[in-house]
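Fold and contact review
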4 protein chains.
Amino acid sequence: MTLTQHAPASQVTPPSPGDQAVLIVHGRDRTGIVAALSTVLGRHGANIVSLDQYSDNPQGGAFFQRTVFGRPDLKAALPAIEEDLRQELANGFDLEYTVRDLSVPKRVAIFASKADHCLLDLLWRHRRGELPINISMVISNHAHTADEVRSFGIPFFHVPSQGPDKSAAEARHLQLLTGNVDFIVLARYMQILSGEFIEKVGVPIINIHHSFLPAFIGADPYAKAQHRGVKLVGATAHYVTEDLDEGPIIEQDVVRVNHAHTVAELRRRGADVERAVLSRAVLWHAEDRVIRHGNHTIVFQ
Amino acid sequence: MTLTQHAPASQVTPPSPGDQAVLIVHGRDRTGIVAALSTVLGRHGANIVSLDQYSDNPQGGAFFQRTVFGRPDLKAALPAIEEDLRQELANGFDLEYTVRDLSVPKRVAIFASKADHCLLDLLWRHRRGELPINISMVISNHAHTADEVRSFGIPFFHVPSQGPDKSAAEARHLQLLTGNVDFIVLARYMQILSGEFIEKVGVPIINIHHSFLPAFIGADPYAKAQHRGVKLVGATAHYVTEDLDEGPIIEQDVVRVNHAHTVAELRRRGADVERAVLSRAVLWHAEDRVIRHGNHTIVFQ
Amino acid sequence: MTLTQHAPASQVTPPSPGDQAVLIVHGRDRTGIVAALSTVLGRHGANIVSLDQYSDNPQGGAFFQRTVFGRPDLKAALPAIEEDLRQELANGFDLEYTVRDLSVPKRVAIFASKADHCLLDLLWRHRRGELPINISMVISNHAHTADEVRSFGIPFFHVPSQGPDKSAAEARHLQLLTGNVDFIVLARYMQILSGEFIEKVGVPIINIHHSFLPAFIGADPYAKAQHRGVKLVGATAHYVTEDLDEGPIIEQDVVRVNHAHTVAELRRRGADVERAVLSRAVLWHAEDRVIRHGNHTIVFQ
Amino acid sequence: MTLTQHAPASQVTPPSPGDQAVLIVHGRDRTGIVAALSTVLGRHGANIVSLDQYSDNPQGGAFFQRTVFGRPDLKAALPAIEEDLRQELANGFDLEYTVRDLSVPKRVAIFASKADHCLLDLLWRHRRGELPINISMVISNHAHTADEVRSFGIPFFHVPSQGPDKSAAEARHLQLLTGNVDFIVLARYMQILSGEFIEKVGVPIINIHHSFLPAFIGADPYAKAQHRGVKLVGATAHYVTEDLDEGPIIEQDVVRVNHAHTVAELRRRGADVERAVLSRAVLWHAEDRVIRHGNHTIVFQ
């Protein structure tokens, strides 16, 4: 069962992504940044496909820019473009930048537990061509989704959780992940990651929290929501930091509920929001649309 | 400036509300309640216009029913219907009930402070014929909206807040309100009501909180929301209890925001949600669609 | 791979559905219907679990009521209840009614074509326990989803479309369907059904139209939407009638789009709305929440 | 009643708009546009506050850019900046551009008829400081809102419609408008404008259509929506062209309705969407966020 066979009429086909790259720049705002960057790109015959820019204060505040540019034979030209950018930005600017070839999808590992709705939604969207990622592997502390994951042609690793000491499981995770992934998605992975693991793995980790943070932090938010009698329940995708439920928020959404809904019904409705919110966060991260800044995100949609 | 002059083409005209009443029943669920109630109504030639029923557990849980019924010459027949209901429900049922003639709008006092968007929205909707209420008075601790409120033909009373001791102001409030209102709406009234006042005034009080409770309880929620970097801000209409921000929620809604929005912009977007949420809560309360049950509400929309 | 293995914590478990039935009544409104119906139910010891009622005009208009009731040993008692209802309603009422045992899920056939997102979403929700239906079979004019459908344990039949004359294919469809299904879902089945087929098959057919009807009727609505420059695209679930795209609407929803979205991106965003709208329509139909009335629907949510 | 008295805490105060201008550029895409424009701005010490760019095809498609820039003493520097842009863009680019000083709000005339909800919403948002416009006048074919409009300090002109021949009324309109306004808003103005008027008045005209175009074009869309049994009703703000209901769409939104809603209730719910959609369209037009391109709009939010 290959992607080609399944490719539906609605598959997204961006214009020759093989010849496009994304440039992310952030740092201190100053007169002339946009001109300097676009002059470098122009010098190399690169056309700007899209440009998003944000500054929280034009007088020396924080500056953020996302630029997608293209040119024929981009791959060959990229090293020279990068060197030119390096020299230009050394020139009195206080900026960091990254350039990424858009024809090389980011590699991702998906962590899952018992609930499979977020995991399956990502696998489906990927197969439909909606997510420009390579799913390197799925890791779960439950074995029951192994066959289904493998039917998508994706490696599945069962790493059981064993009590409060996660060190053995996390060591196994690091063996699997190191060098193999560019980011991690926790698709309703119900285990807490240690600060040590977060630091060692060294790639961004996206989590879906099944509530509208900061309401109902912690465990069993749907029961808490029902107890409080709220009229909307939501979900939050965020980057994982050592402070549980406190990492930078990428995306949120809600769905309407009412007095007649049981906790089980809240979970059912919430599941739809969770998978929608998580898939948007993964898409935006995969396309370098999200920039972390302190405990916030800049999202160029 | 009268209602007739302003009545737009879109005014809501329910079919002869002068001949309709609403019956609210709640208590312990038991076999036969619906039959008993509808039999009484049928005996008096009353036709059921709409009926909403909810039980949180058919085996002895809590039962809630809202019935709108009508018949010619309703006003004359109501006392006999009520007496008949009383006798029927004395018959082994553990239920409370109220009957209200829908041709008599509930009387309301609106409390406001500096921000006028919720106040004006209620006054406009009322003038357009959207809210079946009588606005008895507007009370504010600021004088600047007096002319505007009075231009709607509604009495305005300026009762300044003087320091932390609210007793003088609250005594003045009670003089104005006692016997004159069926419920109170706090339309962004930024003063805390004492438990003593809530008890003495003896009518339901609806507040609009400018956040999506229980997130960002307390003061200045938009600043807190911006600090946390959320992607949605919301508003919550709830009944006021002694526990600030903890009363039963009537309605909530949210609006999308992003990284580029300042606190002022969050407030601007939030203001639209606040007035929409508050007006729905007031409408539903005015039509007896909201039943309080513990710290929850049953809302029959 | 069985349902039990997959049953997630969030599975919906209504209180003993094995002892509940749904009664649908519609016809001419008259004083006393609710009382008559609830008295019959009470006579048989049946407790009303939920009751929704709507009348488009209390004076002789059209009346609609959905009642869920329960009692121990319901199955044994149902014939007597039905007979009693028949006699009571013969008594001067102009009403039709149906009673259905909720422990017996409706049997459904899903028709699909190339695009698989609506089909897979239904299979997956069914496996999660979200849809109280029995999926008897999937019929498609394309063979590529056969393996996947069968991995859910559901029979798959490939019935190719052969040119403009559908009579052979439709004859095959009727062989498969007759006696085996209670309703049909067209999950982005891109073939037109003949009036003869609709009549012969004799069960309700639900279609998902990939636009916000009545805007963009007919083929390729996303291209039309992009050409018109709309800011929202939507989807519509409706019952199929001989008049293409004109049947009674069950549910609709929309999603925001903008100038930068290609037709392919509109299709991608639309796909999410299509599967959400279709799944709601299927759920509501399965629970007898939808009553057809002329070219409209009454939906008791 | 002055703005100062009413200015609420939530008033939007952009950072010194007196020193900012907006540059709109559109035309044929080519390598080097962004660099050329930002180099000119940099040469004049202007800092880029925000930059939005869109190209429908990087290889010679249509290019659109909105740039807000600022510098001290902007007003004095603007002529030189404009001259420099003129020379730079003469240099082989096929582009049109406009520069506008953001400290000078656009002047607008609002046309209204009987329904006042859109009119009042604009007046109120303007008074709150939400809309950076000068409302030069309100013109209505009904006199009943005169006092209310004038209480906002805004001139009101009653120009009655007299039968099918609009020429006298339109001549009066042109006398009032010529030289006095930068755009016109039809706030539920229920009269059709002649092609001659549209041409002579020579400024953009924004209309709010009380339906989700292209569904239910023409008169009485809420009655049509109810007749079709739709589950959502909407509103559309668009630029007025000679083809009624066919002009470029600026913004749309919808609200949920159900079978129980009368046409009057649809109108009431629709009114909330109409005023919200119209106010967003007016805000975006006032801030030069909307670029017309054929029968479409590019909206940089």
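Just so you know, the residues in each chain are numbered from 1, in the order the chain's sequence is written. A letter from A marks each chain and a number from 1 marks each ligand, given out in the order of writing. This being a predicted model, a pLDDT of at least 70 is required before a residue's local features are given, and a value of 80 or more before pairs of side-chain atoms are given or counted; all residues contribute to the totals for chains, interfaces and linings. Only heavy atoms go into the side-chain values, all of them from the structure, while hydrogens and water stay out.

**Comments concerning the overall build of chain A**
The helix and strand tally for chain A stands at nine helices and 13 strands. All radius of gyration figures rest on C-alpha atoms, and the globule criterion is 2.2 Å times the number of residues raised to 0.38. Computed over its C-alpha atoms, the radius of gyration of chain A comes to 21 Å, within 12% of the 19 Å expected for a compact globule of 301 residues. Viewed in the frame of its principal axes, chain A has a C-alpha envelope of about 60 × 45 × 45 Å. Burial status across chain A gives 57% buried among its 301 residues. In this description, contact between two residues means that some pair of their heavy atoms is separated by no more than 4.5 Å. In chain A, 66% of the contacts between residues at least 6 apart in sequence involve partners at least 24 apart. Elements are defined by DSSP. Helices are runs of H or I of four residues or more, strands are runs of E of two residues or more, and each kind is numbered from the N terminus. Only protein chains enter the calculation, and the probe is 1.4 Å; a residue is then buried if its accessible area is under 20% of its type maximum, exposed if over 50%, and partly exposed in between.

**Examining the UniProt feature "domain: ACT" (unreviewed entry) in chain A**
UniProt positions are given in the numbering used here, feature names are shortened, and annotations may be inferred rather than shown by experiment. Sequence positions flagged by UniProt for "domain: ACT" (unreviewed entry) are, in local numbering, residues 22-104 of chain A. Secondary structure within residues 22-104 of chain A divides into 34% helix and 39% strand; the distance between the first and last C-alpha atoms comes to 11 Å.

**Concerning the sheet that holds strand S10 (residues 232-239) of chain D**
All names here are of chain D. When DSSP locates at least two bridges between a pair of strands, those strands are taken to pair. Here we have seven strands laid out as an open sheet, ordered S7-S6-S5-S8-S9-S10-S11, and mixed in their pairing. Two strands in the sheet have a free side with no partner beyond their single neighbour: strand S7 (156-158) and strand S11 (249-256). Each adjacent strand pair in this sheet contributes to an overall mean axis angle of 20°, direction not counted. The pairing of S10 with S11 spans seven bridges and is classified as antiparallel. The partner of Thr 236 across the bridge, within S11, is Gln 252. Axis geometry follows a simple rule: fit a line to the C-alpha atoms, using only the stretch in contact for helices, then measure angles between N-to-C directions, giving values from 0 to 180 degrees. Running at roughly 155° to S11, helix H9 (residues 263-286) makes contact with strand S5 (106-112), strand S6 (133-140), strand S8 (183-187), strand S9 (205-209), S10 and S11 of the sheet.

**Let's talk about the relation of the copies chain D and chain A**
Only residues with pLDDT of at least 70 in both copies count here: their C-alpha atoms drive the least-squares fit that superposes the copies. Superposing chain D onto chain A requires a rotation of 180° together with a translation of 0.0 Å along the rotation axis, leaving an RMSD of 0.0 Å. Taken together, the rotation and translation relating the two chain copies correspond to the operation of a two-fold axis. If distances are taken from each C-alpha of chain D to the rotation axis, the shortest is found for D:Ala35, at 2.6 Å. Take the interface residues of chain D: 100% of them recur as interface residues in chain A, which is what a same-surface contact looks like.

**Thoughts on the pairing of strand S12 (residues 290-293) of chain B**
The side chains of a regular strand alternate between the sheet's two faces. Where S12(B) and strand S13 (residues 296-299) of chain B come together, four bridges link them in antiparallel fashion. Residue pairing in the sheet places B:Val290 in a bridge with B:Val299 of S13(B).

**Observations regarding the pattern of salt bridges**
Counted as salt bridges are all cases of a side-chain nitrogen of Lys or Arg within 4 Å of a carboxyl oxygen of Asp or Glu. Evaluation of the coordinates by the stated rule reveals 117 salt bridges over all chains. Across the pair C:Arg268 and A:Glu130 runs a salt bridge whose closest N-O atoms are separated by 3.7 Å. One end of the pair, C:Arg268, is in helix H9 (residues 263-286); the other, A:Glu130, is in the loop between helix H4 (117-127) and strand S6 (133-140), on a second chain. As far as the burial class goes, C:Arg268 and A:Glu130 line up, both buried.

**Regarding the relation of the copies chain B and chain A**
Of the two same-sequence chains, chain B is brought onto chain A (RMSD 0.0 Å, axial shift 0.0 Å) by a rotation of 180°. When the interface residues of chain B are mapped onto chain A, 100% of them again fall at the interface, so both copies present the same face.

**Let's talk about the environment of A:Pro79**
Residues and elements named next belong to chain A. With respect to the helices and strands, the residue Pro 79 is situated in helix H3 (residues 74-90). Its relative accessible area of 53% is what places Pro 79 among the exposed residues. Through-space distance from the C-alpha of Pro 79 to that of Ile 24 is 16 Å; in sequence the pair is 55 residues apart.

**Description of the interface of chain B and chain A**
Opposite the 32 residues of chain B that make contact, chain A presents 32 residues. Summing both partners gives a buried area of about 2700 Å² for chain B against chain A, and 55% of it is carried by carbon and sulfur. When the buried area of chain B at its contact with chain A is split by residue, B:Arg228, B:Lys231 and B:His259 rank highest and sum to 27% of it. Viewed at the interface, chain A and chain B are joined by six salt bridges. Notably, a salt bridge pairs B:Arg256 with A:Asp253, separated by 3.7 Å at the nearest N-O pair. Sort the elements by how many residues they give to the side of chain B that touches chain A and strand S11 (residues 249-256) of chain B lands first, with seven residues. Here the residues of the side of chain B that touches chain A sort into 15 nonpolar, nine polar and eight charged. Summed over both partners, buried area is the accessible surface (1.4 Å probe) that two parts give up on being assembled. When residues are grouped by polarity, Ala, Val, Leu, Ile, Met, Phe, Trp, Tyr, Cys and Pro land in nonpolar, Asp, Glu, Lys and Arg in charged, and all others, Gly among them, in polar.

**What to know about the packing of aromatic side chains**
Between 30 and 60 degrees the pair is tilted, below 30 it is stacked and above 60 it is edge-to-face, where a pair is any two Phe, Tyr or Trp rings, Trp via its six-membered ring, whose centres lie within 6.5 Å. All told, the structure shown has 12 aromatic pairs over all chains when counted by the stated rule. Seen in terms of ring centroids, A:Phe111 and A:Tyr189 are 5.1 Å apart; in terms of plane orientation they differ by 85°. Their pairing is edge-to-face. Here the residue A:Phe111 occupies a position in strand S5 (residues 106-112), and A:Tyr189 occupies one in the loop between strand S8 (183-187) and helix H7 (195-201), the gap between them amounting to 78 residues. Owing to a relative accessible area of 8%, A:Tyr189 belongs among the buried residues under this scheme. Between C:Phe212 and D:Phe212 the ring centres are 5.2 Å apart and the planes differ by 80°, which places this aromatic pair in the edge-to-face class. Remark: D:Phe212 occurs in the loop between S9 and helix H8 (221-228) and C:Phe212 occurs in the loop between strand S9 (205-209) and helix H8 (221-228); the pair is interchain, linking two chains.

**A closer look at the sheet that holds strand S4 (residues 95-101) of chain B**
Paired through backbone hydrogen bonds, the strands of a sheet run either parallel or antiparallel to each other. Pairing is antiparallel in the open sheet, where eight strands are placed in the order S4(B)-S1(B)-S3(B)-S2(B)-S2(C)-S3(C)-S1(C)-S4(C). Strands at the two margins of the open sheet, each flanked by one partner only, are S4 of chain B together with strand S4 (95-101) of chain C. Strand-to-strand, the axes of this sheet are offset by a mean angle of 15°, without reference to chain direction. Note that strand S2 (residues 47-55) of chain B and strand S3 (residues 62-70) of chain B share eight bridges and pair antiparallel. Residue pairing in the sheet places B:Asp52 in a bridge with B:Arg66 of S3(B).

**Points about the domain arrangement of chain A**
Residue and element names in this part refer to chain A. Domain start and stop points were drawn from an automatic or database domain assignment. Taken domain by domain, chain A comprises domain 1 (17-101) and domain 2 (106-299). Every contact between the two is made by nine residues of domain 1 and, on the other side, eight residues of domain 2. When the two sides are added together, the surface that domain 1 and domain 2 hide from each other amounts to roughly 770 Å², 60% of it contributed by carbon and sulfur. In terms of surface lost to domain 2, no three residues of domain 1 exceed Phe 64, Arg 66 and Arg 100, which account for 63% of the buried area on that side. Remark: the boundary between domain 1 and domain 2 carries one salt bridge. Here Arg 100 makes a salt bridge to Asp 288, at a shortest N to O gap of 2.6 Å. For the side of domain 1 that touches domain 2, the secondary structure elements donating two or more residues are strand S1 (20-28) and strand S3 (62-70).

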